[in-house]
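Descriptive analysis of the structure
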Amino acid sequence: QVQLVESGGGLVQAGGSLRLSCAASGIIFSINVMGWYRRAPGKQRELVAAITSGGRTNYADSAKGRFTISRDNAKNTVYLQMNSLKPEDTAVYYCNCNAQGRYGMGYEDYWGQGTQVTVSS
């Protein structure tokens, strides 16, 4: 019904930058919140940043001042610009959206496959 595909991950040195992209496709009537989560080995999933359809953003404390989330509603795409990366940012990053597939249907959470971000010292 709704598919999310992330891209932009990779290996970067500490202090470097990456830009993650996530495009939603399929049967989509509307998308409320889109966000980025990450899961490091041995840790639980945590929210990195989220953005509403109106552009209001929310960041984890660790991301504030370094990461910027944005979205293109016309393209159903969300981005995460990651600057000043630190080794502790190493994780698999997952795109999430709360979307309504068809009018009259409830909103459901959808997840991408994840993209690996590795930050070396």
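Residues numbered from 1 in each chain as written. Predicted model: local features only at pLDDT ≥ 70, side-chain atom pairs only at ≥ 80, totals over all residues. Heavy atoms only, no water.

Now for the state of the cysteines. Following the criterion strictly, the structure yields 1 disulfide and no others. Residue Cys-22 pairs covalently with Cys-95 via a disulfide, S to S 2.1 Å. Disulfide Cys-22-Cys-95: the torsion about the S-S bond is -85°, which places it as left-handed. Taken together, the positions of Cys-22 in strand β3 (residues 18–26) and Cys-95 in strand β9 (residues 91–100) put the pair 73 residues apart, joining distant regions of the chain. Like Cys-22, the residue Cys-95 is buried in the burial classification. (Disulfide = S-S within 2.5 Å. Helix = DSSP H or I, 4+ residues; strand = E, 2+ residues; numbered from the N terminus. Buried < 20%, exposed > 50% of the residue type's maximum accessible area, 1.4 Å probe, protein only.)

This brings us to unusual backbone geometry. Of note in this structure, Asn-76 is not a glycine but carries a positive phi near 50°. Counting through the fold element by element, Asn-76 comes out in the loop between β7 (67–72) and β8 (77–82). A positive phi angle, close to 50°, is found at Ser-84, a residue other than glycine.

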